[in-house]
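The primary structure of each chain is shown beneath.
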Amino acid sequence: MISKSDIEHSQHENLDYVFHYTRYDNALNIITTNTIWAYQLSDMNDPVEFRPLENTLSFAGDVDFEQLKKRHNELTVSNNRRNNKIRVLSFSVDDTHIEDEIFKKCVSFDNNLNHGWARTGMWAHYGDKHKGICLIFNRNKLIEAAKTNHDIKFEHQKIEYSNNFHDFEEACSVDLNDINIDKDFTSFYMTKDKQKYLFQKCMDFISEQEYRFLFISDTFTDKEPYKFNFEDALEGVIFSDRFDGNNLDELKDISKKFKVPLFRLQWEYGTPEIYDFYNNDTDNLTQKMKIVNEIYKYLHTKRIEGKKYAELKCSDIRKWPAVDKICSNHNSRNICHAMNEIHDFETIEVSGNYESTTYTVKYKLDQE
């Protein structure tokens, strides 16, 4: 079963996991049907995709009007095929541009904002203004599942970001001459050298860090999505700060029924923290009292060592192996509550935000 540490691990090379943002009702449908829908290009948000390509024709020599008209009509057919016979499925991934100076200016790498599950823009737009869900998929399992349907051509790749589309325009332009004037252009926009530009987007989209699946088939029905059976590739579910608490019990039940771990994303001063305490059968009170015991043992040890004071920060306690074993979740809320239950040692200073990783307590150890 996937753990918190698995998805917090930087994936700059392996991209073990990919993340899909959607509304809550969509997420339930995806989980319960074991399918996710891929849509045609006209449903995308990028004008490079939703707008038909220009039928750019130039010619030299003796080309009559009827020949020109026929080639133009064939390109229109090819344009329609491009939209109707290609389906797109998008995910976000961890940042893979560590050495990219432009990207370094956009994203800090000293916090969780480099992760595919922490895309603020994706949560806002596709995740229903943080009221929705982020689904965690195993990338390799997704790829293997996509390959099982031999009637559908499958391509996948990390999106490249560039504002230079000159090559794309040149590749889609047709220069008619005596050699190609009688050529059939109904598949012109469907060739592999044109499809590669479906893995390029302008720099304005760079914060999405998209990983894209393309499904290509003449069997697709116009305007109908492709319902992709992802088999056992779904490995986790994340909800964020604005999630409707009235739906939490339902989501917990779905998580248990389909054996998909449930995580909570919490934003602390703009920095995302992820918790998996919904996957632990130990109740919060029991967790808190066990953490209290670990803190007491630590403070008694420091007193024996002759220390007069001990300053403990929630983020440091989270790293203790014993506490990690108790929670398996790094539950900041329960740790902070435990820090306030230490009555045998005088509290002389408190700082930081309560119920967050910044919460800090200074205890007096000597007995006067």
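Up top is the structure these notes are about.
Attention in this report is confined to the structure presented alongside it. (Residues numbered from 1 in each chain as written. Predicted model: local features only at pLDDT ≥ 70, side-chain atom pairs only at ≥ 80, totals over all residues. Heavy atoms only, no water.)

### Things to note about the overall build of the protein
Here comes step 1: Across its full length, the protein holds 14 helices and 17 strands.
Here comes step 2: Here the C-alpha atoms of the protein give a radius of gyration of 27 Å, more than 25% beyond the 21 Å that 2.2 N^0.38 yields for 368 residues.
Here comes step 3: Viewed in the frame of its principal axes, the protein has a C-alpha envelope of about 105 × 45 × 30 Å.
Here comes step 4: A burial count over the protein gives 49% of its 368 residues as buried.
Here comes step 5: Sequence separation of 24 or more characterises 76% of the internal contacts of the protein that already satisfy a separation of 6 or more.
Here comes step 6: When the accessible surface of the protein is split by element, carbon and sulfur atoms take 47% of a total near 18900 Å².
Here comes step 7: Of the side chains in the protein, 48 bear a positive and 63 a negative charge, and the two mean positions are spaced by 3 Å. (Helix = DSSP H or I, 4+ residues; strand = E, 2+ residues; numbered from the N terminus. Rg over C-alpha atoms; globule rule 2.2 N^0.38 Å. Buried < 20%, exposed > 50% of the residue type's maximum accessible area, 1.4 Å probe, protein only. Contact = heavy atoms within 4.5 Å. Areas by Shrake-Rupley, 256 points an atom, 1.4 Å probe, with all protein chains shown as cover. Lys, Arg positive; Asp, Glu negative; His and termini not counted. Charge placed at Lys NZ, Arg CZ, Asp CG, Glu CD.)

### Quick look at the environment of L28
Here comes step 1: Along the chain, the position of L28 falls in helix α2 (residues 24–33).
Here comes step 2: Once the C-alpha coordinates of L28 and I254 are considered, the two residues, 226 residues apart in sequence, prove to be 8.0 Å apart.
Here comes step 3: Contacts of L28, omitting those with residues within four sequence positions, involve E250, L251 and I254.

### Focus on the sheet that holds strand β15 (residues 309–313)
Paired through backbone hydrogen bonds, the strands of a sheet run either parallel or antiparallel to each other.
Here comes step 1: An order of β15-β17-β16 is seen for the three strands of this open sheet, with the pairing classed as antiparallel. Here the strands that pair on one side only, and so sit at the sheet edges, are β15 and β16 (346–351). Strand-to-strand twist in this sheet, taken as the mean axis angle between neighbours without regard to direction, amounts to 20°.
Here comes step 2: Of the strand pairs in this sheet, β16 and strand β17 (residues 360–364) are connected by five bridges, and their pairing is antiparallel. (Pairing = 2+ DSSP bridges. Axes fitted to C-alpha atoms, helices over the stretch in contact; angles between N-to-C directions.)

### Focus: the side chain of K158
Here comes step 1: Along the chain, the position of K158 falls in strand β6 (residues 153–158).
Here comes step 2: Residue class for K158 comes out buried when judged on its relative accessible area of 14%.

### Regarding the nonpolar core
The nonpolar side chains of a soluble globular protein tend to be buried, and buried together.
Here comes step 1: Core analysis: the largest hydrophobic core is formed by 38 residues, its most contacted members being F137, F213, F215 and F228.
Here comes step 2: Sort the elements by how many residues they give to this core and α2 lands first, with five residues.
Here comes step 3: Judged by nonpolar contacts, the second largest core, of 23 residues, contains Y296, C314, I326 and F345. (Core = buried A, V, L, I, M, F, W, Y, C linked by side-chain atoms within 4.5 Å.)

### A look at helix α7 (residues 139–146)
Here comes step 1: Listing the buried residues of α7 in full gives R139, L142, I143, A145 and A146. Take α7 and look down its axis: the buried residues cluster within an arc of 165°, on one side only.
Here comes step 2: Check the buried side of α7 and you find it contacts β1 (17–22), β4 (86–92), β5 (133–138), β6, β10 (210–216) and β11 (226–229).
Here comes step 3: N-capping of α7 is provided by N138, with a side-chain oxygen placed 3.1 Å from the backbone N of N140. (Arc of directions from axis to C-beta. Polar contact = N/O pair within 3.5 Å; in protein donor to acceptor, adjacent residues only side chain to side chain.)

### With respect to unusual backbone geometry
Here comes step 1: At Q209, a position not held by glycine, the phi torsion is positive, near 45°.
Here comes step 2: For Q209, the location among the structural elements is in the loop between β9 (200–201) and β10.
Here comes step 3: Given a relative accessible area of 0%, Q209 falls into the buried group.
Here comes step 4: One non-glycine residue, Y269, lies in the positive phi region at around 55°.
Here comes step 5: Locating Y269 in the fold gives a position in the loop between β13 (262–268) and β14 (271–275).

### Re the packing of aromatic side chains
Here comes step 1: For the structure shown, the criterion picks out 21 aromatic pairs.
Here comes step 2: Considering the side-chain rings of F137 and F230, the 5.2 Å spacing of their centres and the 75° angle between planes classify their relative orientation as edge-to-face. On the criterion of sequence distance, the pair formed by F137 in strand β5 and F230 in the loop between β11 and β12 (234–239) is long-range, its members being 93 residues apart. With respect to class, F137 is no different from F230; both count as buried.
Here comes step 3: Taken together, the ring pairs in this structure connect F91, F137, F154, Y211, F213, F215, F220, Y226, F228 and F230 into an aromatic cluster.
Here comes step 4: Across from the ring centre of F205, 4.2 Å away, lies the NZ or CZ of K201, which sits over that ring.
Here comes step 5: The ring of Y309 carries the charged tip of K362 above its face, separated from the ring centre by 4.9 Å. (Phe/Tyr/Trp six-rings, centres within 6.5 Å; stacked < 30°, edge-to-face > 60°. Lys NZ or Arg CZ within 6 Å of the ring centre and 35° of its normal.)

### Focus: the packing of α2 against helix α10 (residues 248–257)
In helix packing, the relevant descriptors are the interaxial angle and the interaxial distance, both defined with respect to the helix axes.
Here comes step 1: Contact geometry of α2 with α10 gives a least axis separation of 11 Å together with a crossing angle of 20°. Here α10 runs roughly parallel to α2, going by the angle between their axes. Considering how the two elements wind past one another, α2 and α10 form a crossing that is left-handed. The segment α2 lies against α10, with Y24, L28, I31 and T32 engaging E250, L251 and I254. (Parallel < 35°, antiparallel > 145°, perpendicular 65-115°, else oblique. Left-handed = near helix turned anticlockwise from the far one by under 90°.)

### Brief notes about the side chain of N84
Here comes step 1: Examined against the element boundaries, N84 turns out to sit in helix α4 (residues 65–84).
Here comes step 2: Those residues within four positions of N84 in sequence are excluded, and the remaining contacts are Q40, F220 and D222.

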